[in-house]
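# Structure at a glance
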Amino acid sequence: MKSNAVRKLAFGMIILMLVVMSVFVARGNAGSEFAYDIPRMLGMENGAEELIQVKDPPTTDVNGPVFEVHDQVASMDMDLRDMPQLGPEKKRPMQEMGQMPAPAKNGGADPVIQTNKSFGNRPLEGGPLAAAPAPLINFKGLDLTNWGAGWPPDTHGDVGPTHYIQAVNTSIGIFSKATGARLAAFTFDNFFAANGGSGACATLNYGDPIVLYDQISGRWIITDFAFAGDGTTPPYYECIAVSKTADPVSGGWWLYTVTASTTALNDYPKFGIWNDGIYMSANMFTGGASYGGVKVWALNRSDLISGAALRSISFTLGTSSFSLLPANLKVTLAPTGTPEYFMSDYGSNTSMKLWKFTANWTTPSSSTFTGPQSFAVASFTRPSSTVVRQLGSTERLDTLGDRLMTWLQYRNVNGVQSLWV
């Protein structure tokens, strides 16, 4: 009798385990085209991976528009060569908050994979590769030993009429475009503390820098995020510096401390120049830990370049979205009235998603954020490593294979509009 009871109990436990496993499998495969689970956070201080368990299914809600005025702005008029030309004292890992890979439903051969011998199904042995244009100039940027405070460095930069500006975690370098000579270099903290600045952006810069040259206003924009401690203590800030003139060295700067959220860390912030303003996106992690969706902003250009209290319009998307890139225009503007575009490849390896942000600065409550519009692309395989090879070199490059990386470049050539990503 006891033996039968034990068998029945064991059989019942097996059935229960199968039911529980089937529920988890169903949840992992739930949703249209989902090939990846809810994002997880990577440890920012000690480099350890921390798995975030999200019990609720992905949400698709869009909240907004929210209109805000950010009045923490300081004027800085000193020549940047007079600041301490020193890098940061502390070094620490600065890993991105990532997403956990899961088996793709349509796994198979990648028809567009590139190798040293082929591009997709096209062999390259039959003739010489098309040569890329030769660089006009090469010069050394900021190095880890003297200027880096994090690894990977999250290197970013942009080029203007006479300067190139580079930013890494957590330093800024300004170079001559003609000669490559470094004109000035300094930390984000010293930059925002110059002329007596104070607050989070003067002491708590953590990185994820972005550099833009705004061709519309002829101004430079440099940003990174700031927060207290290890990222678990709100509020969370985006530090935004805007040059007062086209001269980033001695022309002066407006320094903004923007509260990105009072509850969620604004990870992986990305920016784009558009006709009617500057646009931003970030992945939001509540308390620096639990993924809470994507937030997108429109920032008023006239406020930024004049030092006025900064007006912003924002929307927050649910957790079914991740890592939206704002479009960044160069050369010819978009037709009047064209909305700003945002794009993501999250959740699929056979399609891309596109959103449209229309900011109404006259009536902010009438602003809209619509999408996503999904469109098919050739099936691709996400890289399994965080480094990629270079042709003809043993040096490997840090990369993020689980999301789109900047830029989402907009071009308008003879009336033909395109997005490059």
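The paragraphs below set out a description of the structure included in this document. (Residues numbered from 1 in each chain as written. Predicted model: local features only at pLDDT ≥ 70, side-chain atom pairs only at ≥ 80, totals over all residues. Heavy atoms only, no water.)

### Topic: the sheet that holds strand E12 (residues 163-168)
Taken in spatial order, the 4 strands line up as E11-E12-E13-E14 in an open sheet, and their pairing is antiparallel. Sheet topology places strand E11 (156-159) and strand E14 (182-187) at the edges, where each strand pairs with a single neighbour. Direction aside, neighbouring strands of the sheet carry axes that sit 10° apart on average. Bridge count between E11 and E12: 4 bridges; the pairing is antiparallel. Looking across to E12, one finds that Asp 158 is bridged to Ile 165. (Pairing = 2+ DSSP bridges. Helix = DSSP H or I, 4+ residues; strand = E, 2+ residues; numbered from the N terminus. Axes fitted to C-alpha atoms, helices over the stretch in contact; angles between N-to-C directions.)

### Quick look at the state of the cysteines
Counted by the stated rule, this structure contains 1 disulfide. A sulfur-sulfur separation of 2.0 Å characterises the disulfide bridge that pairs Cys 201 with Cys 239. The sign of the S-S torsion, about -95°, decides the handedness of the disulfide formed by Cys 201 and Cys 239: left-handed. Placement of the pair is Cys 201 in helix H4 (residues 200-203) and Cys 239 in strand E17 (residues 233-243), with a sequence separation of 38 residues. We note that Cys 201, like Cys 239, is buried. (Disulfide = S-S within 2.5 Å. Buried < 20%, exposed > 50% of the residue type's maximum accessible area, 1.4 Å probe, protein only.)

### Comments concerning the environment of Gly 148
Structurally, Gly 148 is set in the loop between helix H2 (144-147) and strand E10 (150-151). Classification of Gly 148 by relative accessible area gives buried; the value is 5%. For the pair Gly 148 and Asn 169, spaced 21 residues apart in sequence, the C-alpha separation works out to 5.8 Å.

### Regarding the packing of aromatic side chains
Each pair of aromatic rings is reported with the distance of its centres and the angle of its planes. Applying the stated criterion across every chain yields a total of 22 aromatic pairs. Between Tyr 206 and Phe 227 the ring centres are 4.2 Å apart and the planes differ by 20°, which places this aromatic pair in the stacked class. Of the two residues, Tyr 206 sits in strand E15 (residues 205-214) while Phe 227 sits in strand E16 (residues 219-228), which places them 21 residues apart along the sequence. Tyr 206 gets classed as buried once you look at its relative accessible area, which sits at 11%. Look at Trp 274 and Tyr 341: their rings are 5.9 Å apart centre to centre, the planes differ by 85°, and that puts the pair in the edge-to-face class. With Trp 274 in strand E19 (residues 264-274) and Tyr 341 in strand E24 (residues 340-344), this residue pair connects regions lying 67 residues apart in the sequence. Comparing Trp 274 with Tyr 341, the two get one shared label, buried. (Phe/Tyr/Trp six-rings, centres within 6.5 Å; stacked < 30°, edge-to-face > 60°.)

### Digging into the pattern of salt bridges
Scanning all chains against the criterion turns up 6 salt bridges. In this structure, Lys 330 engages Asp 158 in a salt bridge whose closest nitrogen and oxygen atoms are separated by 3.2 Å. With Lys 330 in the loop between strand E23 (325-329) and E24 and Asp 158 in strand E11, this residue pair connects regions lying 172 residues apart in the sequence. Look at Asp 158 and you get buried, because its relative accessible area is 8%. (Salt bridge = Lys/Arg side-chain N within 4 Å of Asp/Glu carboxyl O.)

### Examining the environment of Val 66
With respect to the helices and strands, the residue Val 66 is situated in strand E4 (residues 62-70). Judged by relative accessible area, Val 66 falls into the partly exposed class, the value being 40%. C-alpha separation for the pair Val 66 and Ser 367, spaced 301 residues apart in sequence, amounts to 9.2 Å. Those residues within four positions of Val 66 in sequence are excluded, and the remaining contacts are Ser 312, Ile 313 and Ser 314. (Contact = heavy atoms within 4.5 Å.)

### Points about the pairing of strand E18 (residues 253-261)
In terms of burial, E18 is largely enclosed, as 8 of its 9 residues are buried. Pairing between strand E5 (residues 73-76) and E18: 4 bridges, direction antiparallel. Among the inter-strand pairings, Met 76 is bridged to a residue of E18, identified as Trp 253. Inspection of the sheet shows E17 paired to E18 by 8 bridges, in the antiparallel sense. Each residue of the ladder has a partner; that of Ile 240, found in E18, is Tyr 256.

### Structural notes on the nonpolar core
Trp 274, Val 296, Leu 324, Phe 342, Phe 357 and Phe 369 are the most contacted members of the largest nonpolar core, which has 30 residues in total. For this core, the secondary structure elements donating two or more residues are strand E20 (277-286), strand E21 (290-299), strand E22 (310-317), E23, E24, strand E25 (351-358) and strand E29 (408-413). Ignoring any residue separated from it by four or fewer positions in sequence, one finds Trp 274 in contact with Ile 216, Tyr 279, Arg 301, Ala 327, Leu 329, Ala 334, Thr 338, Pro 339, Glu 340, Tyr 341 and Tyr 410. Judged by nonpolar contacts, the second largest core, of 26 residues, contains Ala 200, Trp 220, Tyr 237 and Trp 253. (Core = buried A, V, L, I, M, F, W, Y, C linked by side-chain atoms within 4.5 Å.)

### Thoughts on the sheet that holds E18
Spatially, E5-E18-E17-E16-E15 is the arrangement adopted by the 5 strands of the open sheet, whose pairing is antiparallel. Looking at which strands have only one partner, the edges of the open sheet turn out to be E5 and E15. Within this sheet the neighbouring strands show an average axis-to-axis angle of 20°, counted without direction.

These values are about where atoms sit, not about what they do.
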